[in-house]
Amino acid sequence: LDGDHASSFQRRYQRVRVVAKSGGDYTSPLDAMNDVSSWCPSPTYDDPCLLRIMPGTYDIGANSLQMRESVHIEVSGMSSCTIQGALDSGTAGLVKGARLTELRHVRVLNTFFGVAGAANAIAIYTDGNSWFYLDHVEASAAYAGSASGIHQINSATTFMKSVRAWARGTNSSYGVYS
């Protein structure tokens, strides 16, 4: 089929949305997650939803991509997809995990260029959220006073498989802070 007719045969799955540079449901992971109630009104452990992010670099600026309970994010591969931004926060990461969620196959890069010793850069953050899974994830944060690739507090339970985490800060640096 030619390009004009192929899209009319594309299957649309319930409770799944696609972020892509073009041709997806959204062009920004922030927009997709902020609109989650319209495409996934009541996710549960037994009936979760999926946000699929296609190849590319998605710059979310100084925002935090807040995951929602039972809404998983799967990306096209950490060598082909990056969520990046520059967020200064000690209580949020560029991606903030949620209870009963999975983050898979992605590179998360927080490069906040702050005043030496005064800023915080965290790539992935979770706060007391039970059952947060990281699978084939690279998390890095740099150029801040304090930097953490993965930062978990308040008895957070994070399961990690094939994870690379690193940080470079002028005051403190943690690949994984727990």
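That block above? That's the structure.
Residues numbered from 1 in each chain as written. Predicted model: local features only at pLDDT ≥ 70, side-chain atom pairs only at ≥ 80, totals over all residues. Heavy atoms only, no water.

1. Some words on the side chain of T82
Phase 1: With respect to the secondary-structure elements, T82 resides in strand β6 (residues 81-85).
Phase 2: Within the structure, T82 has its side chain in polar contact with the side chain of R107 (distance 3.1 Å).
Phase 3: Those residues in contact with T82, other than ones at most four positions away along the chain, are G56, T57, Y58, R107 and L109. (Helix = DSSP H or I, 4+ residues; strand = E, 2+ residues; numbered from the N terminus. Polar contact = N/O pair within 3.5 Å; in protein donor to acceptor, adjacent residues only side chain to side chain. Contact = heavy atoms within 4.5 Å.)

2. Here's the deal with the environment of H105
Phase 1: Looking at the element boundaries, H105 is found in strand β8 (residues 101-110).
Phase 2: In this structure, the C-alpha to C-alpha distance between H105 and E74, residues 31 residues apart in sequence, is 6.4 Å.
Phase 3: When sequence neighbours within four positions are dropped, the list of residues in contact with H105 reads E74, V75, S76, G77, M78, D135, H136 and V137.

3. Some details on the packing of aromatic side chains
Phase 1: Taken as a whole and assessed by the stated rule, the structure comprises three aromatic pairs.
Phase 2: On the basis of an interplanar angle of 5° and a centroid distance of 5.2 Å, the ring pair of W131 and F159 is categorised as stacked. Of this pair, W131 sits in the loop between β9 (120-127) and β10 (132-153) while F159 sits in strand β11 (residues 158-177), and the two are 28 residues apart along the sequence.
Phase 3: For the ring pair Y174 and Y177, a centre distance of 4.9 Å and an interplane angle of 70° mean the geometry is edge-to-face.
Phase 4: Among the residues examined, Y174 registers a relative accessible area of 34% and is labelled partly exposed.
Phase 5: Put simply, the rings of W131, Y133 and F159 pair up and form one aromatic cluster.
Phase 6: The ring of Y58 has K21 lying over it, and the distance from NZ or CZ to the ring centre is 4.5 Å. (Phe/Tyr/Trp six-rings, centres within 6.5 Å; stacked < 30°, edge-to-face > 60°. Buried < 20%, exposed > 50% of the residue type's maximum accessible area, 1.4 Å probe, protein only. Lys NZ or Arg CZ within 6 Å of the ring centre and 35° of its normal.)

The quantities given are spatial measurements derived from coordinates; they are silent on function.
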